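# Chains, contacts and geometry: an overview
Here is what each chain is made of, one letter per residue.
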Amino acid sequence: GVPEVPIRPIAERRVSRQIQVGPVAVGGGAPVSVQSMTTTRTSDIGATLQQIAELTASGCQIVRVACPTQDDADALATIARKSQIPVIADIHFQPKYVFAAIEAGCAAVRVNPGNIKQFDDKVKEIARAAKDHGTPIRIGVNAGSLDRRLLQKYGKATPEALVESALWEASLFEEHDFRDIKISVKHNDPVVMVNAYRLLAEQCDYPLHLGVTEAGPAFQGTIKSAVAFGALLSRGIGDTIRVSLSAPPAEEVKVGIQILESLGLRQRRLEIVSCPSCGRAQVDVYKLADEVTAGLEGMEVPLRVAVMGCVVNGPGEAREADLGVASGNGKGQIFVKGEVIKTVPESKIVETLIEEAMKIAEQLEQDGAAS
Ligand code: SF4
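Residues numbered from 1 in each chain as written. Predicted model: local features only at pLDDT ≥ 70, side-chain atom pairs only at ≥ 80, totals over all residues. Heavy atoms only, no water.

### Examining the sheet that holds strand β13 (residues 323-328)
Condition: Following DSSP output, two strands are said to pair if at least two bridges run between them. Segments assigned H or I by DSSP are reported as helices when at least four residues long, segments assigned E as strands when at least two residues long, and all are numbered from the N terminus. Between N-to-C directions, angles span 0 to 180 degrees; the directions come from axes that are lines fitted to C-alpha atoms, helices contributing only their stretch in contact. Every residue pair with non-hydrogen atoms within 4.5 Å of one another is taken to be in contact.
Judged by pairing direction, the sheet is mixed, and its five strands sit side by side in the order β11-β12-β13-β14-β15 without closing on themselves. Each edge of the open sheet carries a strand with a single partner, namely β11 (270-274) and β15 (339-345). Geometrically, the sheet is characterised by an average inter-axis angle of 20° between neighbouring strands, direction not taken into account. As paired elements, β13 and strand β14 (residues 331-336) share six bridges and run antiparallel to each other. The residue of β14 that forms the bridge with Leu323 is Val336. Lying over the sheet, helix α10 (residues 285-296) contacts β11, β12 (303-308) and β13, oriented at roughly 160° with respect to β12.

See below:
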C-alpha cells in the first residue's frame, strides 16, 4: 500500500507514556488517533454494531459506547467481541458497570469521577480488575460534572479545577500502582479547555484525550474543535481526539481526520485546493469543486487537486498540485504534475479530472506495492 508517513507534523509531540487501547497505541509518540461515540442504545446490539461498522468505514479508530443501564452492560461483551475497532465503555454513576465493562473485554473504560458516587472507595478494586484484564482507564473530567469539593474550592470549572480533579483521581489509582491511564479535561469553552490541557500536560506524562465537550451543532462544533485542537496539537499536546458534534458520529470522524491532516499529523489523502472564486471567475467554482470532491471521495492515496476559477492564480496553483484545472472561456486546462496535458470543454472538466486522478492513484499504488 501507500506509505503512511506523517508529513511535516506541526510540532514535536509532548513525551507521554503509552497505553494500549486494544490494538491502538495511544501516547508515547503513536499517531494521534480519532475516536467517536455511538448514539444508539447500547443494549440494541444490532443497531450499535451497525453504527460501529459505519464509523469504522469512515476512519474511526476507537469507539465509545454509553452504558447507563444493566441491559447496556449486558450487551458490552458481544459488542466488544464483534466490533472491528476497540470499544470503550463510558460509565457514569455506577461503579458496578465499570467492573462489568472490564469483564466484558472492553478495550478501555471511561470513568467520570465527578459522576460516580463513592468512586474514591472503589478505586482499589477497579485498579485490581483493570490490571488483571490489562484494561486502561480514561479519567474523563467534564466541566458539567465537576467534583463538588472542587466546585466549592474554585467557584466554577476553571482550568485549575479540572486539572486538580483529574490529577487527584489519577493519584488514587497511582496509590494502587495503576498507571494505565489516559486523561481528558473537557469544557465547552475552547479557551478554558486549551488552558486546562496545557496545565495538565505540564503536570503529568499521561496520554491526553482531547475534546471540546458539547461543542454544538456541526458548524460551530467543527470550528471550536479545530481551533482548540489546533492550539494544543501545535504545541505537541494531544494523543487521541474526539470531536463532539450534535450531528451523526461519522461527521465527527471526518472532522477529526481533517484536523489531523491539516496539522500534518496524518498523511493527507485527497486535498482539494479550490479558490474562493471572485469577479474574475469564468466557471462556477463552487459547483466544480463540489463535483470533483464527490467524484473523488474515498480515494485512499494522497492527492492534491487544484480547482481554479480563472487564469490569474489558476495555472500556478494547478501546476503545484498533482492534478488541476484552470478554467477560462468555457474551457478547462487540465494539468498533471505541472504539465498541461489537455484542454477540455467545461462540461468535460469533472470527468477528465476524475479519470486522471484514477490514473495517478493506480500509479501510486503500484509504486507503493513495488517499494
Ligand atoms: Fe478569482 Fe481566479 Fe483567484 Fe479564483 S483563481 S479567486 S477566480 S482570481
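### Section: the layout of surface pockets
Basically, it comes down to this: Cavity and pocket criteria rest on a 1 Å grid covering protein atoms alone: a 1.4 Å probe that fits but cannot get out defines a cavity, protein on both sides within 12 Å along at least 5 of 7 lines defines an open pocket, and an atom within 4 Å of a point defines a lining residue. Grid points are joined across faces, edges and corners, and a volume is the space filled by probe spheres set on the points. Each residue is assigned to one of three groups, with Ala, Val, Leu, Ile, Met, Phe, Trp, Tyr, Cys and Pro labelled nonpolar, Asp, Glu, Lys and Arg labelled charged, and all others, Gly among them, labelled polar.
If you add up the space inside the largest pocket, you get close to 860 Å³. Lining the largest pocket are 24 residues, with Lys254, Ile257, Gln258, Leu270 and Glu297 sitting closest to its centre. Tallying contributions element by element places helix α9 (residues 249-262) first for the lining of the largest pocket, with six residues. Looking at side-chain class alone, the lining of the largest pocket contains 10 nonpolar, six polar and eight charged residues.

### A short note on the environment of Lys96
Locating Lys96 in the fold gives a position in helix α3 (residues 95-103). With 131 residues separating them along the chain, Lys96 and Val227 place their C-alpha atoms 37 Å apart.

### Side note on the pairing of β14
In the case of a regular strand, side chains alternate between the two sheet surfaces. Turn length for the β13-β14 hairpin, with the two strands adjacent in sequence and antiparallel, is two residues, and the turn residue Asn329 shows positive phi of about 55°. Note: β14 against β15, six bridges, orientation antiparallel. Bridge assignment links Gln333 to a residue of β15, and that residue is Thr343. In this structure, the hairpin formed by β14 and β15 is closed by a connection of two residues, where Lys337 is found at a positive phi of approximately 45°.

### Some thoughts on α3
Inclusion rule: To sort residues, take the accessible area from a 1.4 Å probe on protein chains only and compare it with the maximum for the residue type: under 20% means buried, over 50% means exposed, and anything in between is partly exposed. This arc is taken over the directions from the axis of the helix to the C-beta atoms.
Those residues of α3 that fall on the buried side of the exposure criterion are Pro95, Tyr97, Val98, Ala101 and Ile102. Viewed end-on, α3 has its buried residues packed into an arc of 155°, placing them on one side of the element. Phi for Gly105, located one or two positions after α3, is positive at around 85°.

### Some details on the nonpolar core
Applied cut-off: In this description, a nonpolar core means a group of buried Ala, Val, Leu, Ile, Met, Phe, Trp, Tyr and Cys residues linked to one another through side-chain atoms lying within 4.5 Å.
Counting residues in hydrophobic clusters, the biggest one holds 76 residues, and the most contacted among them are Ile137, Leu162, Phe173, Ile183, Met193 and Phe229. Each residue touching Phe229, except ones within four places of it in the same chain, is listed here: Met193, Leu210, Gly211, Val212, Ser234, Ile241, Arg242, Val243, Ile259 and Leu263. Judged by nonpolar contacts, the second largest core, of 32 residues, contains Val307, Ala321, Leu323 and Ile360.

### Brief notes about the site of the ligand
The line we're drawing: We define proximity as follows: a residue is near a molecule or strand when any one of its heavy atoms falls within 4 Å of that partner.
Taken together, Cys275, Pro276, Ser277, Cys278, Arg280, Ala281, Met308, Gly309, Cys310, Val312 and Asn313 are the residues near the ligand. Each residue belonging to the shell around the ligand can be placed in one class, and the counts come to seven nonpolar, three polar and one charged.

### Examining the packing of aromatic side chains
Given two aromatic rings, one states the distance between the centres and the angle between the planes to describe the pair. Cut-off, in case you're wondering: Two rings from Phe, Tyr or Trp (for Trp, the six-membered ring) form a pair when their centres sit within 6.5 Å of each other. Planes less than 30 degrees apart are called stacked, planes more than 60 degrees apart edge-to-face, and all others tilted.
Using the criterion set out here, one finds one aromatic pair in the structure. Look at Phe173 and Phe178: their rings are 5.5 Å apart centre to centre, the planes differ by 45°, and that puts the pair in the tilted class.

### Section: the packing of helix α6 (residues 159-175) against helix α7 (residues 190-203)
Each pair of packed helices can be summarised by the angle the axes make with each other and by the distance between the axes. What counts, and what does not: In this scheme, roughly parallel covers angles under 35 degrees and roughly antiparallel covers those over 145, while 65 to 115 is roughly perpendicular and the rest are oblique. By convention the crossing between two helices is left-handed if the near helix lies anticlockwise of the far one by an angle smaller than a right angle, and right-handed if it lies clockwise.
At a minimum axis separation of 8 Å, α6 and α7 run at an interaxial angle of 45°. Of the possible angle classes, the one that applies to α6 and α7 is oblique. Judged by the twist between their axes, the crossing of α6 over α7 is right-handed. Facing α6, whose interface residues are Pro159, Glu160, Leu162, Val163 and Leu167, α7 presents Val192, Asn195, Ala196, Leu199, Leu200 and Gln203.

### Here we look at helix α8 (residues 218-233)
Residue pairs spaced three or four apart in an α-helix point in one direction, given the helix's 3.6 residues per turn. The condition that has to hold: Given a helix with a known number of residues, its expected span is that number minus one, times 1.5 Å.
Its 16 residues place the ends of α8 21 Å apart at the C-alpha level, agreeing with the 22 Å of an ideal helix rising 1.5 Å per residue. Among all positions of α8, only Gly221, Ser225, Ala228, Phe229, Gly230, Leu232 and Leu233 are buried. Where α8 is buried, its residues contact α7, β9 (209-210), β10 (240-242) and α9.

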